[in-house]
Amino acid sequence: MTHTTPHPTTPARLSPDPLPRFAPDLLAGSPDGLLATSTALASAVGAALAAPRSGGPLPVGAPADVLRSVADALGAAVLPLVGVGEDAALHRLARVLVGHGVDLAHPLAAAHLQPPPLAVAVAADALASAGNSSLDTYDSGPATLAVERWVVGALAGLAGLGDRADGVLTPGGSLSNLLALLLARDAAATRLGMDVRRDGVAALPGPVVLCSELAHFSVHRACAALGLGECAVRPVPVDHRRRMRVDVVAARLRRLGAGHTPLAIVATAGSTDFGVVDPLPQLAEVAAEHGVWLHVDAAYGFGALFSERLAPRLAGLELADSVTVDLHKLGWQPAAASALLTADASAFAALDREVAYLNPADDSLAGYDGLLGRSLQTTRRPDAVKIAATLLAHGRHGLGRMVDACHALAGHAQRRIAAEPELELVGPAELTTVVFRYRAPDPAWDDDVNAGLRRRLAEEGHALVGRTAVRLAGPGSPRRVCLKFTLLNPTATREDVDALVDAVLDAARACVAGRAGRPRRDRAMPEPVSDATDAALTTPDPTSALTTEEGAA
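Residues numbered from 1 in each chain as written. Predicted model: local features only at pLDDT ≥ 70, side-chain atom pairs only at ≥ 80, totals over all residues. Heavy atoms only, no water.

Observations regarding the sheet that holds strand S6 (residues 293–298)
Quick note on the threshold: DSSP-based pairing: two strands are paired if at least 2 bridges between them are found. Only DSSP runs of H or I covering at least 4 residues are called helices, and only runs of E covering at least 2 are called strands; the numbering of each starts at the N terminus. Only the contacting stretch of a helix is used when fitting its axis, a line to C-alpha atoms as for every element, and angles between N-to-C directions run 0 to 180 degrees.
Spatial strand order, S2-S8-S7-S6-S5-S3-S4: 7 strands in an open sheet with mixed pairing. A strand with exactly one partner marks an edge of an open sheet, and here the two such strands are strand S2 (166–170) and strand S4 (233–236). Here the strands of the sheet are splayed against their neighbours by 20 degrees on average, with no regard to which way each runs. In terms of strand pairing, S6 meets strand S7 (residues 322–326) through 4 bridges, oriented parallel. Pairing of Ala298 across the sheet is with Val325, part of S7.

Dropping the structure here:
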């Protein structure tokens, strides 16, 4: 029998159709692509500069009309069969974003902890996006992995957390708080000989998390997500300066029985509305006495460390077990730029994972490791690049000058508000926020007028101010609508602040004129859920058994 060797199948027979060919500048990370990205961005910026602006921080019009205009500009919500081309797409979006978006750089934009980002940070973010690296493995982005380690080290050093400190960047302060409470939960369980990662939290007896009644709502949300339940959160009353009362924290910990497990004390360094910093050294002392994790939510206040003048207000931060940082607040970064810092790197042990296709043990031992064991995420974009660019470009002194400028603007706003007979100062300028309200001629109109004037300013596109609700007469009193200036534009002037106050007064007077002759309605505000969660909105603590003196705010 004759044996013949078959001829190998030619590639043409396996793949008769030729591969499509693409331009060498299609992908941003290549040299040609970087050049094309720069050209496209310059073209889009040109379109943005040429786009008509409203003249204020918001587009003119009611929300439904503005949103409809954007939808009309984009066209039918159908994936087009053939694209319009890169320039046309970018120009269309540039016109939409400028003409119908928010202008945070406008000096009358003062509503939220949402700053105008620094130019160097935006440029660095675009550069990082072109590379599209990830932080989970070494070979997903070695350079950006090293950049994140550098940023974490710099921030931990600024906080004074010591040589064993570590940290990780997260998508925001809410996720940083969630991660902190996860680490606190697992640390408490480990002390009890439990592995909640494997067995769940059902066997963890009566978890308790103590925080200020003015703590951010993400503390409650984190406890719900972690299986602890929102009832695990025990809000602590505040003193006359709106700081969490240390004596109540200590009393509640002393009175917890064997059926309860204290997981964490969550202190706030820069509350959302008032910028208040809880007494960190005293809380750290109580936490150490009872062996409880101390987490400091410094999402807002951490930026005060850049200022030599304001940094002492965060004394005691270095005693925390974990710290939440948001530099997309008082750090002028494009969102997201948050981090969770820990005093001890071993705290992240609960997140360790070995995955064959990401970080097998032999690769890790050889140094081919990433940050998978620091995060609840796998793929993570390199947000540290823009932070590193900012820290390198401006340094502590430059960033501190920006913080001081915004603090000075808040101080001017406080003085101007206090000098206006029609306005009532509710909260002074601790950091860069000022809480106040308009006094209507008829007190029964106050809430409606304060809410209405803010909407009026927004619809006119003239000015953007914040809103909150405060128990003006103390615990148990009705929540009243208040207004808030959040001043995060270091290029604004005192004249801009005066113009902002004048705009509020003009809008308030117009609202009052519109109410004249209407029937009087005496009513208290309903109880909305806001960033400031207070004791009246949460489940009472049945275990505290406090005396009247201990429980009074």
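Having seen it, we continue.
Here's the deal with the pairing of S2
The following threshold applies: When a residue's accessible area, from a 1.4 Å probe over protein chains only, is under 20% of the maximum for its type it is buried; when over 50% it is exposed; and in between it is partly exposed.
For S2, a buried count of 5 out of 5 residues is recorded, marking the element as mostly surrounded by other parts of the structure. Where burial is concerned, the two faces of S2 agree: the one with Asp166, Val168 and Thr170 and the one with Gly167 and Leu169 are both buried.

A closer look at the layout of surface pockets
Counted only if it meets this: Only protein atoms enter the calculation, which uses a 1 Å grid: trapped sets of points that fit a 1.4 Å probe without letting it out are cavities, open sets showing protein on both sides within 12 Å along at least five of seven lines are pockets, and any residue with an atom within 4 Å of a point is a lining residue. Grid points are joined across faces, edges and corners, and a volume is the space filled by probe spheres set on the points.
Of the pockets and cavities examined, the largest pocket occupies roughly 1400 Å³. Lining of the largest pocket is provided by 47 residues; of these, Ala48, Leu97, Val98, Pro117 and Val122 occupy positions nearest its centre. Every element with two or more residues in the lining of the largest pocket is listed here: helix H2 (31–50), helix H4 (86–100) and helix H5 (119–131).

Quick word on the environment of Ala89
With respect to the helices and strands, Ala89 occurs in helix H4. Note: C-alpha distance between Ala89 and Ala44 (45 residues apart in sequence) is 9.2 Å.

Some words on the pairing of S7
For S7, the tally of buried residues reaches 5 of 5 residues, placing the bulk of the element in the interior. Burial along S7 is two-sided: the face carrying Ser322, Thr324 and Asp326 and the face carrying Val323 and Val325 are both buried. Judged from the 5 bridges that link them, S7 and strand S8 (residues 338–342) form a sheet pairing that is antiparallel. In the strand pairing of S8, Val323 is matched with Leu341.

A few points about the confidence of the model for the protein
Threshold: The predictor's confidence in any single residue is recorded as pLDDT, a number from 0 to 100. We call two residues contacting when some pair of their heavy atoms lies within 4.5 Å.
Per-residue pLDDT for the protein averages 89, and the proportion of residues at 70 or more is 89%. With pLDDT under 50 throughout, residues 519–553 is counted as low confidence; its partners more than four residues away or in other chains account for 75 contacts.

Things to note about the packing of H2 against H4
What counts is decided by this rule: In this scheme, roughly parallel covers angles under 35 degrees and roughly antiparallel covers those over 145, while 65 to 115 is roughly perpendicular and the rest are oblique. Definitions for this section: a left-handed crossing has its near helix turned counterclockwise from the far helix by less than a right angle. A right-handed crossing has that turn clockwise. Under the convention adopted here, Pro, Cys and the residues Ala, Val, Leu, Ile, Met, Phe, Trp and Tyr are nonpolar, Asp, Glu, Lys and Arg are charged, and Gly plus all remaining residues are polar.
Between H2 and H4, the least distance of the axes is 8 Å, while the angle of their chain directions is 40 degrees. As judged from the angle between their axes, H2 and H4 are oblique. Both H2 and H4 take part in a crossing whose hand is right-handed. On the side of H2, the interface is formed by Ala40, Ser43, Ala44, Ala47 and Ala48, while H4 contributes Asp87, Leu90, His91, Ala94 and Val98. Of the residues assigned to the contact of H2 with H4, the class counts are 7 nonpolar, 2 polar and 1 charged.

A word on the pattern of salt bridges
What counts is decided by this rule: One speaks of a salt bridge when a side-chain nitrogen belonging to Lys or Arg is within 4 Å of a carboxyl oxygen belonging to Asp or Glu.
Here the structure, examined in full by the defined rule, presents 28 salt bridges. For Lys386, the salt bridge goes to Asp125, with nearest N and O atoms at 3.8 Å. One end of the pair, Lys386, is in helix H13 (residues 384–419); the other, Asp125, is in helix H5, and 261 residues separate them in sequence. Asp125 gets classed as buried once you look at its relative accessible area, which sits at 13%. Note that Lys329 and Asp326 form a salt bridge whose closest N and O atoms lie 2.5 Å from each other. Both residues of the pair, Lys329 and Asp326, count as buried. Beyond isolated ion pairs, a larger network of salt bridges with shared partners links Asp125, Arg381, Asp383 and Lys386.

What to know about the state of the cysteines
For clarity, the threshold we go by: Two cysteine sulfur atoms form a disulfide, by the criterion used here, when they sit within 2.5 Å.
If you walk through the whole model with that rule in mind, you get 0 disulfides. The thiol of Cys223 is unpaired, and the distance to the nearest cysteine sulfur, on Cys211, comes to 7.9 Å.

Thoughts on helix H7 (residues 173–191)
What counts, and what does not: What a helix should span is 1.5 Å times the count of its residues minus one.
Here H7 contains 19 residues, and its C-alpha end-to-end distance of 27 Å stays within 8% of the 27 Å for a straight helix at 1.5 Å per residue. With 14 of 19 residues buried, H7 lies mostly within the body of the structure. At the exit of H7 stands Gly193, carrying a positive phi of roughly 75 degrees.

What to know about the nonpolar core
Our working rule: Only buried residues count toward a nonpolar core, which is a set of Ala, Val, Leu, Ile, Met, Phe, Trp, Tyr and Cys residues joined through side-chain atoms within 4.5 Å.
Counting 60 residues, the largest nonpolar core has Ile265 and Phe302 as the members making the most contacts within it. With 8 residues, the single largest contributor to this core is H13. Once you skip the residues sitting within four places of it in the chain, Phe302 turns out to touch Leu155, Leu158, Ala159, Ala269, Leu314, Leu317, Val323, Val325, Leu327 and Leu341.

Considerations on the environment of Asp326
The condition that has to hold: Pairing of N or O atoms within 3.5 Å defines a polar contact, subject to two protein rules: one partner must be a possible hydrogen donor and the other a possible acceptor, and residues neighboring in sequence count only if both atoms are side-chain atoms.
Tracing the backbone through its elements, the reader meets Asp326 in strand S7. Between the C-alpha atoms of Asp326 and Ala339, which are 13 residues apart in sequence, the distance is 6.5 Å. Beyond its immediate stretch of four places on either side in the chain, Asp326 contacts Gly172, Gly173, Ala298, Ala299, Ala337 and Ser338. Side-chain polar atoms of Asp326 contact the side chain of Ser338, separated by 2.6 Å.

Let's talk about empty space enclosed by the protein
By the definition in use, this model includes 4 cavities of 30 Å³ or more. By volume, the largest cavity amounts to about 70 Å³. Every residue along the wall of the largest cavity is listed here: Leu104, Ala109, Ala110, Ala111, His112, Gln114, Pro115, Pro116, Leu464, Thr486, Leu488 and Asn489. Of the residues contributing to the lining of the largest cavity, the split by class is 8 nonpolar, 4 polar and no charged.

Focus: the packing of aromatic side chains
Under the convention used in this document: For Phe, Tyr and Trp, rings pair up if their centres lie within 6.5 Å, where Trp contributes its six-membered ring, and each pair is then called stacked (planes under 30 degrees apart), edge-to-face (over 60) or tilted (otherwise).
Scanning the model with the defined rule gives 1 aromatic pair in all. Aromatic pair Phe436 and Phe485: ring centres 4.7 Å apart, planes at 55 degrees, arrangement tilted. With Phe436 in strand S10 (residues 433–438) and Phe485 in strand S12 (residues 479–486), this residue pair connects regions lying 49 residues apart in the sequence. For the pair formed by Phe436 and Phe485, the shared burial category is buried.

Observations regarding the sheet that holds strand S1 (residues 109–110)
Sheet strands line up and pair through hydrogen bonds in the backbone, either parallel or antiparallel. Spatial ordering of the open sheet is given by S1-S11-S12-S10-S9, a layout of 5 strands whose pairing is mixed. The open sheet is flanked by S1 and strand S9 (423–427), the only strands paired with a single partner. Summarising the sheet, S9 and S10 pair through 4 bridges and their orientation is antiparallel. Within S10, the residue paired with Glu424 across the bridge is Arg437. The strands touched by H13 are S9, S10 and S12; relative to S10, the strand with the most contacts, the crossing angle is about 20 degrees.

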